[in-house]
Amino acid sequence: MPNRMDINFIDAVSLLLRLLLLIAFVAVILHMFIGMYDTVLGALRDPASTESAIYNFIDIIVEDSLLAVVIFEIYESIIQFFHGEGDTILYIINAAISFTTREIILTIFAAHVFRPVDTYELMGFSALILALAGTRYLFILADKNKKPLKAQ
């Protein structure tokens, strides 16, 4: 049984991590709006670069929006972890899947716009998602197969 000092420490760490993640979330949104503003200003200053500016504008929105989702997934897993609710490893796996999916989307987008696609990079990310999804599935199966303890 944890004592009061342990509980206070756990609450303080939980609060600190949640505050840092909220700051990161706000910073990502702020970064997105500043990047969009700079891109629009750049396109207005140099109309010849409008096509490039449009791709940069889309890239900023997609990249930062997906990063915000990943931060939100991590925030959710932190809350669940410190409240002892649910199977917290599933939230961590979900965040990892979201982050890896984000990287695949960004790799495909960058390949379409800026450079040739790196097939090995996509295959590596896909294998990671497959491994994470398989692990998640096994955890869910193991949780379903647990038999509740009977009161004696």
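Here is what the cut-offs are and how they apply
- Residues numbered from 1 in each chain as written.
- Predicted model: local features only at pLDDT ≥ 70, side-chain atom pairs only at ≥ 80, totals over all residues.
- Heavy atoms only, no water.
- Helix = DSSP H or I, 4+ residues; strand = E, 2+ residues; numbered from the N terminus.
- Buried < 20%, exposed > 50% of the residue type's maximum accessible area, 1.4 Å probe, protein only.
- Contact = heavy atoms within 4.5 Å.
- Core = buried A, V, L, I, M, F, W, Y, C linked by side-chain atoms within 4.5 Å.
- Axes fitted to C-alpha atoms, helices over the stretch in contact; angles between N-to-C directions.
- Parallel < 35°, antiparallel > 145°, perpendicular 65-115°, else oblique.

Looking at this model, I keep getting lost on the overall build of the chain. Mind explaining?
When you go through the chain residue by residue, the secondary structure sums to four helices and zero strands. Counted from the first residue to the last, the chain has its helices and strands arranged as α-α-α-α. Burial status across the chain gives 25% buried among its 152 residues. The long-range share in the chain, meaning contacts at least 24 apart out of those at least 6 apart in sequence, stands at 69%.

Is there a simple way to explain the nonpolar core in this structure?
It is characteristic of soluble globular proteins that their nonpolar side chains tend to be buried jointly. In terms of nonpolar packing, the biggest core is built from six residues, these being Leu 21, Val 28, Ala 68, Ile 71, Tyr 75 and Ile 78. Secondary structure elements with two or more residues in this core: α1 (4–45) and α2 (50–83). With residues near it in sequence (within four places) discarded, Ile 71 still touches Leu 21, Ala 24, Phe 25 and Val 28.

Explanation requested: the packing of α1 against α2 in the structure shown.
For any two helices packed against each other, the geometry is given by the interaxial angle and the distance between the axes. The geometry of α1 relative to α2 is characterised by a closest axis approach of 9 Å and an angle of 170° between their N-to-C directions. When the interaxial angle is binned, α1 and α2 end up roughly antiparallel.

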